Amino acid sequence: MKNKKYLIRLIIGLLVTSSFAMCTKDSNKIEQPLNSASGLSTDTLNLKTEAVSKVTYIVKPSEWMVDGAKIPAGSTIFIPAGKRGALLLKNFKGTVAAPIIIVNSGGKVTFSTAVTASYAFKTQNCQYFKILGNGVPSIKYGFEVSGGNIGMTMDDLSSDFEISNVEVHNSGFAGIMAKTDPSCDVATWRGHFTMRNVVLHDNYVHKTGGEGFYVGNSFYADGVSLSCGKVLPHDVINVKIYRNLIDSTGSEGIQVGSAISGCLIFSNTVKNPGISPFSAYQDNGIQIGEGTGGRCYNNLIKNAPGNGIIVLGLGDNVVYNNYILNSKGYGIFADSRYTPGPYFQFINNTIVASVLGGIKLNSETIPMNTVINNVIIQSASGLSVIRKSTSVKLTSSNNYLSKDVNTCKFVNYATGNFHLLSSSPLINKGANGLAYGITFDYYGTKRSATNVDIGATEY
């Protein structure tokens, strides 16, 4: 009995501590989904205590909102299998050591709502949490999100989260969005809030009206003009977007902005992006947007109506080991809109059949653009490396240029087997990329310091 009373006191203490951990932003403003029933309440929580450090909560099919203010760090939130409407998770506060886990239970969960609804799945003022659709090992995407203007949105000062094994489709605008747009609430401004540790992996995003992934604000340098004046968007630190499949998005497959450090975009497949852009030039494969610094590597980008990769970053951007195929614009386009950093580096990429040219450098304010070890296959009318003017500073070497992809001697280019045959002219013809941190290839094979191969694949 004594142990039982101790357990009860401990749980109550955890609940009280959690309630004091909420941010000062007014997160009580809740937008109820179009298809939700009115009058639903989460005042009486369906909590089950399984051990001193483990509390579980089961989301009822009728609940459109769950307020996690009374749910302690380290809890597991189970969402039972079946079809349900939109869901809002509010005020969930885990910790670094004890994040809150949201997982499917018993099978696949489908969140379905009208495309005119604001969202299908939303978090509001949440921190240190994971949304994982891997509750049933045999189901790759245990969460399916269909509809909503934004399929999934991590909003209203949400930070430090992971999303994986989720399928998102048929959204009116973005598939998965992670940002808090600046408002006249000072809590949303740069210097007052920083979104950190955003991890998005092993998701399938397709058939969206806008971007597949939209992380961070697009207007880092100039901000937005509001009734309270010009407001700058918050910084984003440590973004990892990897092993996602993105297909048939209205605008960019992946767009990241305001990610000032630690941004890694890698091992994604982006097919058919930009099929119905909402405005001109929003039809690229991957956009490294204003205020973003980091690395973009080992991605496959196919059939972009615009550019395969567009780089508008801080000027500490390294783009390497990417396969960029059949872009209607340039394979890579670089522009120096807000670039206090020292370089753009484009190394060991393989660019095939970009209509306007291989790599276009409009980056006149960058101290040095580096273009080495790239394979660029262009028709007779396309140029391989194009500078906007002589003001573009360029170091270019060891690039392989051809008009015919067959000269590269891939094992089977048509089926996507980009390994090299022993007779490939790319083998051992590259410059040492170790100085740029290029230690492996598209397939993860270690690169040599002395006998580097050209292009994304090492023999």
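Conventions adopted
Residues numbered from 1 in each chain as written. Predicted model: local features only at pLDDT ≥ 70, side-chain atom pairs only at ≥ 80, totals over all residues. Heavy atoms only, no water. Helix = DSSP H or I, 4+ residues; strand = E, 2+ residues; numbered from the N terminus. Buried < 20%, exposed > 50% of the residue type's maximum accessible area, 1.4 Å probe, protein only. Contact = heavy atoms within 4.5 Å. Areas by Shrake-Rupley, 256 points an atom, 1.4 Å probe, with all protein chains shown as cover. Phe/Tyr/Trp six-rings, centres within 6.5 Å; stacked < 30°, edge-to-face > 60°. Lys NZ or Arg CZ within 6 Å of the ring centre and 35° of its normal. Pairing = 2+ DSSP bridges. Axes fitted to C-alpha atoms, helices over the stretch in contact; angles between N-to-C directions. pLDDT = per-residue confidence, 0-100.

Engineer: Quick one: what's the story with the overall build of the protein chain, residue by residue and with numbers?
Structural biologist: Counting secondary structure elements, the protein chain contains 1 helix and 40 strands. For the protein chain, buried positions account for 55% of its 459 residues. Put simply, of all contacts in the protein chain between residues at least 6 apart along the chain, 70% involve residues at least 24 apart. When the accessible surface of the protein chain is summed, it comes to about 18300 Å², and 53% of that surface belongs to carbon and sulfur atoms.

Engineer: I'd like a rundown of the packing of aromatic side chains, residues and numbers included.
Structural biologist: Scanning the entire structure with this criterion turns up 22 aromatic pairs. Measuring from centroid to centroid gives 5.8 Å for Phe-173 and Phe-278, while their planes differ by 65°, and the two rings are edge-to-face. With Phe-173 in the loop between β12 (166–169) and β13 (176–178) and Phe-278 in the loop between β23 (269–271) and β24 (286–288), the pair connects residues that are 105 residues apart, well separated along the chain. When the ring centre of Tyr-214 is taken as origin, the NZ or CZ atom of Lys-179, which lies over that ring, is 4.9 Å away.

Engineer: Please set out the side chain of Thr-208 residue by residue, giving values where relevant.
Structural biologist: Its location among the elements puts Thr-208 in strand β15 (residues 204–208). Judged by relative accessible area, Thr-208 falls into the buried class, the value being 6%.

Engineer: Account for the sheet that holds strand β21 (residues 254–256), with residues named and values stated.
Structural biologist: In spatial order, the strands read β3-β5-β7-β10-β13-β16-β21-β24-β27-β30-β33-β36; together these 12 strands make up an open sheet with parallel pairing. The open sheet has two edge strands with one neighbour each: β3 (65–67) and β36 (383–387). On average, each strand axis in the sheet is inclined to that of its neighbour by 5°, with strand direction left out of account. Bridge count between strand β5 (residues 87–90) and strand β7 (residues 119–124): 4 bridges; the pairing is parallel. What sits directly across from Leu-89, in β7, is Thr-123.

Engineer: Help me get a handle on the confidence of the model for the protein chain, residues and values and all.
Structural biologist: In the predicted model, the protein chain carries a mean pLDDT of 90, and the fraction of residues at 70 or more is 88%. Segment residues 34–45: pLDDT under 50, and 24 contacts once partners within four positions in sequence are set aside and those in other chains are kept. Across residues 49–53, confidence stays below pLDDT 50; counting only partners more than four residues off in sequence or on other chains, it has 7 contacts.

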